[in-house]
Amino acid sequence: MTTQALVVLAVTVAVAAFVQGAGGLGFALIVAPVAGLLDPALVPVFVLASMIPLNAYVAWRERASLDLRGAGWITGARLAATPGGLLLLWAIPAGRLGLFVGAATVLAALVSLAAPAFTPSRGAYVGAGLVTGLTETATGVGGPPLALVYQHRPAAELRATIAVCFLVGEVASLALLFATGRAAPAQLGQAVLLLPALAAGAWLSRLVHHRLDARRTRLFVLVFALVSGALLMLGP
């Protein structure tokens, strides 16, 4: 990778870390398209590896607001679906997978705009975990299902719970990718190299995260879901 490309990737990582640290999600949406354009081999390993320290930081910072019950159901379903994500990575062309996931995400966001406020049920947790396990393992992008489940919850609860779910799931996905030969240690080099950029964005997010209320966070979540779904449908 050239120096110019590395700088572009570093700036992208810093911005994405700030967005996710403040709002609870968005890192993969911002980083995955840029990383894919610079070097397709970076996706999904670079995205998954970069998110591990970021989500560990957010989970610790917001630990008092963690929805332990929801995180447990989501994580269990997400881990169960991880092998399915690997099968999708093998079996389905990336363009078709993006179209399928993007259409489902946009539909879910549009339904959410018209739906009344709700308290997530066990079924919602399990469904979000299953979809996230499939999509994040295959593409590195898994935020929209979790965002939609927690869109009516307090902002701190959304950030804390999604960070914990992501953290466990990313470790599981990377372990499976390495175990099956779909990832190599050399692919982690860029993630390690860009840790300072990630740390800078995460640190800046602590200056604004407590100012986000539930209404603004919900709006951010729905816009995030619509944009990410549209980008996945458009493909690379």
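Check the entry above for the structure.
Residues numbered from 1 in each chain as written. Predicted model: local features only at pLDDT ≥ 70, side-chain atom pairs only at ≥ 80, totals over all residues. Heavy atoms only, no water.

Participant: If you had to explain the overall build of the chain to someone new, which residues and values would you point to?
Facilitator: Looking only at helices and strands, the chain features 11 helices and zero strands. The helix and strand sequence of the chain, counted from the amino end, reads α-α-α-α-α-α-α-α-α-α-α. Buried residues in the chain amount to 47% of all 236 residues. Counted over contacts in the chain with a minimum sequence separation of 6, partners at least 24 positions apart contribute 85%. (Helix = DSSP H or I, 4+ residues; strand = E, 2+ residues; numbered from the N terminus. Buried < 20%, exposed > 50% of the residue type's maximum accessible area, 1.4 Å probe, protein only. Contact = heavy atoms within 4.5 Å.)

Participant: Let's hear about the nonpolar core: which residues, and what values?
Facilitator: In this structure, V13, F27, V31, F46, V47, L54 and L146 are the most contacted members of the largest nonpolar core, which totals 46 residues. Residue assignment for this core shows that the elements contributing at least two residues are α1 (3-23), α2 (27-38), α3 (45-61), α4 (68-91), α6 (122-139), α7 (143-149), α8 (155-179) and α10 (195-205). Considering each element in turn, this core owes the most residues, nine residues, to α3. (Core = buried A, V, L, I, M, F, W, Y, C linked by side-chain atoms within 4.5 Å.)

Participant: So what about empty space enclosed by the protein? Which residues, and what values?
Facilitator: Under the criterion given, the structure shown has one cavity of 30 Å³ or more. The volume enclosed by the largest cavity comes to roughly 50 Å³. Lining the largest cavity are 14 residues, with Q20, G26, A28, G143 and F166 sitting closest to its centre. Looking at which element gives the most residues to the lining of the largest cavity, the answer is α2, with three residues. Here the lining of the largest cavity is composed, by residue class, of eight nonpolar, five polar and one charged. (1 Å grid on protein atoms, 1.4 Å probe; cavity = no way out; pocket = protein on both sides within 12 Å on 5 of 7 lines; lining within 4 Å. Points joined across faces, edges and corners; volume = space filled by probe spheres on them. Nonpolar A, V, L, I, M, F, W, Y, C, P; charged D, E, K, R; others polar.)

Participant: How would you explain a nonpolar patch on the surface if you had to name every residue and give the values?
Facilitator: On the surface, L219, V223, V227, L231 and L234 cluster together to form a nonpolar patch covering roughly 470 Å² of accessible area. With respect to the helices and strands, the residue L231 is situated in helix α11 (residues 214-234). Judged by its relative accessible area of 39%, L231 falls in the partly exposed class. (Patch = residues over 30% accessible without salt bridge, like charges linked within 9 Å, V, L, I, M, F, W, Y side chains within 5 Å. Areas by Shrake-Rupley, 256 points an atom, 1.4 Å probe, with all protein chains shown as cover. Salt bridge = Lys/Arg side-chain N within 4 Å of Asp/Glu carboxyl O.)

Participant: Mind laying out α8, listing which residues take part and the relevant values?
Facilitator: Between its first and last C-alpha atoms α8 spans 36 Å; for 25 residues at 1.5 Å apiece the expected length is 36 Å, and the two agree. Residue G181 follows α8 closely and has a positive phi angle near 80°. (Expected span 1.5 Å × (residues − 1).)

Participant: Pulling in residues and values, what's your account of α6?
Facilitator: Relative to the 26 Å expected for 18 residues at 1.5 Å per residue, α6 spans 25 Å between its end C-alpha atoms, a close match to the ideal helical length. One or two residues past the end of α6 sits G140, with phi positive at roughly 90°.

Participant: If you had to explain unusual backbone geometry to someone new, which residues and values would you point to?
Facilitator: Leaving glycine aside, a negative phi is the common case for residues, and trans is the common case for peptide bonds. Geometrically, the link from V43 to P44 is a cis peptide bond, its omega value of 5° lying close to zero. Inspection of the secondary structure puts P44 in the loop between α2 and α3.

Participant: Now, about the side chain of E170: what can you tell me, with residues and values included?
Facilitator: As for its placement among the helices and strands, E170 is situated in helix α8. Within the buried set, E170 has no salt-bridge partner at all; the shortest N-O distance to an opposite charge, 6.6 Å, is to R78. Those residues in contact with E170 that sit more than four places away from it in its chain are L48, M51, I52, N55, R78 and E136. (Lys, Arg positive; Asp, Glu negative; His and termini not counted.)

Participant: Quick rundown of the side chain of T137? Include the residues and the values.
Facilitator: Tracing the chain through its elements places T137 in helix α6. Of the polar contacts made by the side chain of T137, one reaches the backbone oxygen of G133; its length is 2.8 Å. Of note is the side chain of T137, whose polar atom sits 2.8 Å from the side chain of S173. Sequence-distant contacts of T137, defined by excluding residues within four places in its chain, comprise P44, R78, T82, G85, L86, L89, T132, S173 and L177. (Polar contact = N/O pair within 3.5 Å; in protein donor to acceptor, adjacent residues only side chain to side chain.)

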